[in-house]
Amino acid sequence: MSKVASSPYLDGGYSLRGVMLQVLLALVPAYLVYVWQFGPGILITTLLAMTTGLAAEALMLRVRQRPLWPFLSDGSVLVTAALLTLALPPLVPWWVVVIGTLFAVVVAKQLYGGLGYNPFNPAMAGYVVLLISFPLELTRWSAPQSLLADPVGLVDSLNMIFGVGGTAPVLALDALTMATPLDQMKVQIPLLGSVEAALASSPVFGAIGGQGGEWVVGAYLLGGLYLLWRRVINWHIPVALLVGLGLMAGLFHLLDAARYPDPLFHLFSGAAMIGAFFIATDPVSAATSNRGRLIYGAGIGVMIYLIRTWGGYPDGVAFAVLLMNMLVPLIDYYTPPRVYGHSS
Amino acid sequence: MSLLHEQDFHGGLRGLPEHKELSTGQPIGELFMPSRLVLPLCQGVGAEAEPVVTVGERVLKGQLLAQAKGSLSTALHAPTSGQVSAIEPRLVPHPSGLPARCIELVPDGEDRWGELPRLADPLSSPPEVIQAVIVAAGLAGLGGAGFPTAVKLGVQGRPVKTLLINAAECEPYITCDDMLMRERAAAIAEGIQILRHLLAAGQVVVATEDNKPEAAAAMSRALAGLPECEILSFPTAYPSGGEKQLIELALGKQVPYGGLPLDIGVVCLNVGTVYAVRQAVMAGEPLISRIVTVTGDGANSPGNYEVLIGTPVNELVAHAGGATDGVERCIMGGPMMGFMLPNDRVPVIKTTNCVLLMQTEVPAVQQPTMPCIRCGACADVCPASLLPQQLYWYARAENSEKLEHYQLFDCIECGCCSYVCPSRIPLVQYYRAAKGEIVEQQAARAAADIARQRTEFRAARLAAEKQQRAERVAKKKAALKEQGSNPEADAKKAKIAEAMKRVGKLEAPSAESADEQP
Ligand code: SF4
Ligand code: SF4
């Protein structure tokens with residue numbers, strides 16, 4: 001190895017692997033709560049996605065004649081795989097996981113030039129492709145274990161994910177699934193006429209968000225605070241996103257509380273929290289300067305609300321992130337930081 | 001009430017491993033006589049000084065060897081008595097590793113002083129007289145790039161509100177200013193009084209970091225009783241000793257873009273320079289020696305030494321107890337902004353604050369460079385509030401327009417960005433190379449302009465020969481084309497020349513890189 005030709009000659013000890021490991025570590029609480037609340041299915045899909053992702057990345061690196069080890073070991077595929085699976089229903093069929101991961105790694109990441117060059121968040125790109133291609137599979141969310149007479153175990157989960165035993169598992173899955181709180185809210189408000197009635201219409205709602213789900217959201221928040229504390233992420237994007245979403249929700253809730261659920265419901269349902277701390281903060285596809293990050297985060301927050309409330313899908317995190325990804329070059333262009341000594 | 005606003009500068013690094021205690025254990029080592037002295041005619045920025053001695057000539061200690069030529073150059077004096085043995089290009093301590101013209105002096109061992117023009121009572125001497133002494137003494141900033149002190153002090157009647165003494169010494173390992181303050185605080189205080197008198201400065205602020213309590217205590221004893229004079233001690237943060245950062249820290253103001261500290265009523269001098277001013281004015285000694293820290297895990301006996309300018313680094317290291325086996329690198333300056341020496345026979349110059357001998361290999365080089373993930377860690381720590389990741393992108397694309405748009409030339413090359421980059425990108429290396437390239441392009445353009453002018457002259461002359469009657473007219477034309485001196489253009493040229501000196505001819509980095517994106 002050659003010597004460093006130019007200063008600094010001190011080593012800060014920072015590495016990509018270190019950053020990615022911190023992110024994965026920050027997801028551990030969420031995984032634990034997830035398994036506790038929804039069963040072990042998520043572990044199976046995550047492992048499947050990670051293996052698929054690594055294999056796809058290796059293949060693509062070979063094809064693109066890039067060195068394997070530095071890129072395979074940087075941990076970025078593992079983060080993408082984890083985020084994608086956390087966005088999917090936990091008992092989704094194996095081929096859905098594989099297709100989503102392949103799209104994320106091969107198309108959204110490698111074909112755009114690999115790590116550092118992808119304009120779109122790979123996990124969200126993979127998720128959106130799945131959502132558009134296989135809407136049915138992606139809406140079969142399992143009910144929280146607490147609402148099931150017979151909690152789902154490891155073997156059941158394996159059977160259902162890998163489709164062992166013919167149609168029986170699928171039927172069984174139907175019995176286990178339930179509309180998500182956001183879905184339920186969206187469908188029931190027009191039918192029943194008020195947020196109150198919608199909330200009463202299903203046991204899926206919890207104290208602030210979804211039954212069980214709100215605990216997972218709490219774990220995301222915890223992991224996010226850990227990342228902030230370790231300075232893996234800056235506060236700008238998560239805070240702007242949550243404030244953007246919260247303000248929109250608060251505004252409409254104030255205007256008509258019967259038709260628009262309160263801000264806490266929005267913040268603690270769906271993918272808002274994981275989006276704020278883990279997805280929108282993906283540095284590669286986010287805005288660069290701190291001012292830009294505020295705009296980027298707030299834009300995602302507002303867009304999530306618009307899609308949830310008036311769009312065609314119950315949740316909007318993935319679309320919001322991808323849309324704002326497209327605006328990043330524009331945001332970056334108009335938000336250079338004020339250089340020392342220059343007037344603003 | 002204090003006029004000072006304590007506030008932070010953007011970015012920077014806190015908690016760097018400092019290793020300062022390595023070299024503060026023993027008092028400053030006394031002067032020693034090397035076997036020869038090599039004095040580069042350029043001691044930092046500016047043009048080479050013009051030799052006024054010839055090979056073979058005998059000189060006395062303190063005698064003028066070369067006089068300043070051009071506005072940014074400084075005079076050079078004999079560090080001891082002896083004989084001039086050569087005036088020729090030698091390897092000099094410069095990142096480019098290129099040779100430059102030097103005067104070599106072989107000491108005669110007598111160390112005999114010439115006549116010393118000291119000022120009996122500087123505080124009642126007119127400022128012009130003091131300024132003339134400083135010009136003659138060849139003083140250059142001892143903390144950084146070696147900017148001529150006389151230029152900084154040439155305020156030409158503009159009001160100076162604050163004389164800011166930079167005693168931050170923020171780079172790890174370096175302790176020469178620390179030790180200077182501990183041992184020679186009284187002389188520094190005299191220097192401060194001379195400078196305040198010279199500048200008619202209202203207020204004096206000595207700014208240091210809180211990792212130098214002994215030095216701060218010594219300074220406050222020495223400065224006790226001086227009116228409007230304060231010592232500020234800031235939390236240790238790199239690069240608080242950058243001039244612009246220190247001004248922001250101490251005074252809460254930013255130097256406007258393209259301007260000078262004087263534009264906001266500030267003159268900022270390194271504490272070592274203040275000491276040199278005192279020596280020049282009160283003892284009549286030109287700048288012929290300085291304190292150098294010899295340290296690092298490769299130094300047998302780390303410490304500070306009074307060293308004659310021109311002393312070869314290998315003789316200094318030998319005098320300082322020698323280097324351990326297996327020293328990997330010899331760095332001049334600190335680990336953040338210093339540069340690796342091409343070999344250890346290059347001399348100590350006026351700006352040499354530290355010789356750092358490093359044994360351990362930086363782990364960073366064992367890991368390949370990865371692509372930028374735009375994490376912004378570099379921007380968070382950049383004290384100039386730049387976007388290092390964008391600069392990196394455009395440096396690789398060799399897009400000089402964009403580089404200037406993103407203010408490449410505001411980069412102070414502090415190295416904070418490289419230090420935190422998780423992708424291990426040697427960012428500063430790219431910036432140095434890019435700056436060098438842009439400066440070279442501009443120089444080439446300037447050269448082309450001159451060539452074009454010459455051609456035009458020639459055409460005019462030929463025309464004149466043909467048509468004698470039109471001779472006068474043609475001459476007039478040519479004379480008109482010869483541009484009169486344009487202060488703005490001159491200032492720009494000086495800036496370019498300065499940048500050129502600094503960047504040298506660094507090649508673009510060719511580190512083994514995993515990131516080979518076309
Ligand atoms: S720290 Fe390195 S990886 Fe991060 S944005 Fe800056 S250059 Fe890119
Ligand atoms: S080296 Fe330049 S770009 Fe990097 S942190 Fe320092 S000033 Fe900023």
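Residues numbered from 1 in each chain as written. Chains lettered and ligands numbered in written order. Predicted model: local features only at pLDDT ≥ 70, side-chain atom pairs only at ≥ 80, totals over all residues. Heavy atoms only, no water.

Focus: the overall build of chain B
- Each helix and strand in chain B was counted, giving 14 helices and 16 strands.
- Burial statistics for chain B: of 518 residues in total, 53% are counted as buried.
- Taking as baseline every contact in chain B between residues at least 6 positions apart, the subset at least 24 positions apart corresponds to 75%.
- Roughly 22,300 Å² of accessible area belongs to chain B as shown, and the carbon and sulfur atoms make up 53% of that amount. (Helix = DSSP H or I, 4+ residues; strand = E, 2+ residues; numbered from the N terminus. Buried < 20%, exposed > 50% of the residue type's maximum accessible area, 1.4 Å probe, protein only. Contact = heavy atoms within 4.5 Å. Areas by Shrake-Rupley, 256 points an atom, 1.4 Å probe, with all protein chains shown as cover.)

Focus on the site of ligand 2
Residues and elements named next belong to chain B.
- If you check the shell around ligand 2, you find C382, P383, P388, C411, I412, E413, C414, G415, C416, C417, V428 and Y431 and nothing else.
- Elements with a contribution of two residues or more to the shell around ligand 2: α11 (416-420) and α12 (427-466).
- Residues of the shell around ligand 2, tallied by class, amount to 10 nonpolar, 1 polar and 1 charged. (Near = heavy atom within 4 Å. Nonpolar A, V, L, I, M, F, W, Y, C, P; charged D, E, K, R; others polar.)

Observations concerning the domain arrangement of chain B
Residues and elements named next belong to chain B.
- Each assigned domain of chain B is listed with its residue range as follows: domain 1 (2-289) and domain 2 (369-489).
- Distance between the C-alpha centres of domain 1 and domain 2: 30 Å.
- On the domain 2 side, the residues contacting the 12 residues of domain 1 number 14 residues.
- Taken over both partners, the interface formed by domain 1 and domain 2 buries close to 930 Å², and the fraction arising from carbon and sulfur atoms is 59%.
- Our count for the contact surface shared by domain 1 and domain 2 stands at 0 salt bridges.
- Counting across the interface, domain 1 meets domain 2 through 5 residue pairs in polar contact (both at pLDDT 80 or more).
- The class makeup of the residues in the side of domain 1 that touches domain 2 is 7 nonpolar, 4 polar and 1 charged. (Domains from an automatic or database assignment. Buried area = accessible area lost by both parts, 1.4 Å probe. Salt bridge = Lys/Arg side-chain N within 4 Å of Asp/Glu carboxyl O. Polar contact = N/O pair within 3.5 Å; in protein donor to acceptor, adjacent residues only side chain to side chain.)

Focus: the domain arrangement of chain A
Residue and element names in this part refer to chain A.
- Parsing chain A into structural domains produces domain 1 (15-178) and domain 2 (180-334).
- For domain 1 and domain 2, the distance between their C-alpha centres works out to 21 Å.
- Across the contact, 33 residues belong to domain 1 and 30 residues belong to domain 2.
- Together domain 1 and domain 2 conceal approximately 2,600 Å² of surface at their shared face, both sides included; 79% is due to carbon and sulfur atoms.
- The largest share of the area that domain 1 buries against domain 2 comes from Q22, N121 and M124, three residues that together contribute 19% of it.
- Linking domain 1 to domain 2 there are 0 salt bridges.
- Where domain 1 touches domain 2, the interface holds 3 residue pairs in polar contact (both at pLDDT 80 or more).
- Looking at the side of domain 1 that touches domain 2, the elements with two or more residues in it are α1 (16-38), α4 (76-87) and α6 (122-133).
- If you tally residues by element for the side of domain 1 that touches domain 2, the top one is α1, at 13 residues.

Notes on the side chain of T24 of chain B
Residue and element names in this part refer to chain B.
- Inspection of the secondary structure puts T24 in the segment before β1 (37-40).
- The buried category is assigned to T24, whose relative accessible area is 17%.
- Apart from the residues lying within four places of it in its own chain, the contact partners of T24 are T175, D178, M179 and R182.

Thoughts on helix α3 (residues 176-199) of chain B
Residue and element names in this part refer to chain B.
- Under the 1.5 Å per step criterion, the end-to-end length of α3 is only 26 Å for 24 residues, more than 12% shorter than the ideal 34 Å.
- Residue R184 marks the point of greatest curvature in α3, where the axis turns by about 95°.
- In terms of burial, α3 is a largely internal element, 18 of the 24 residues being buried.
- At the C-terminal side of α3, A200 shows a positive phi close to 50°. (Expected span 1.5 Å × (residues − 1). Bend = angle between axes of the 7 residues up to and from the residue.)

Points about a nonpolar patch on the surface
- Side chains of W94, L154, V155, L158, F162 and V164 of chain A sit close together on the surface and give an oily, nonpolar patch of about 540 Å² of accessible area.
- Tracing the chain through its elements places W94 of chain A in helix α5 (residues 94-110). (Patch = residues over 30% accessible without salt bridge, like charges linked within 9 Å, V, L, I, M, F, W, Y side chains within 5 Å.)

Description of the side chain of T281 of chain A
Residues and elements named next belong to chain A.
- In this structure, T281 sits in the loop between α15 (272-279) and α16 (290-310).
- At a separation of 2.7 Å, a polar atom in the side chain of T281 contacts the main-chain carbonyl oxygen of F277.
- The residues touching T281, leaving out its near neighbours within four places in the chain, are I233, I237, P238, G275 and A276.

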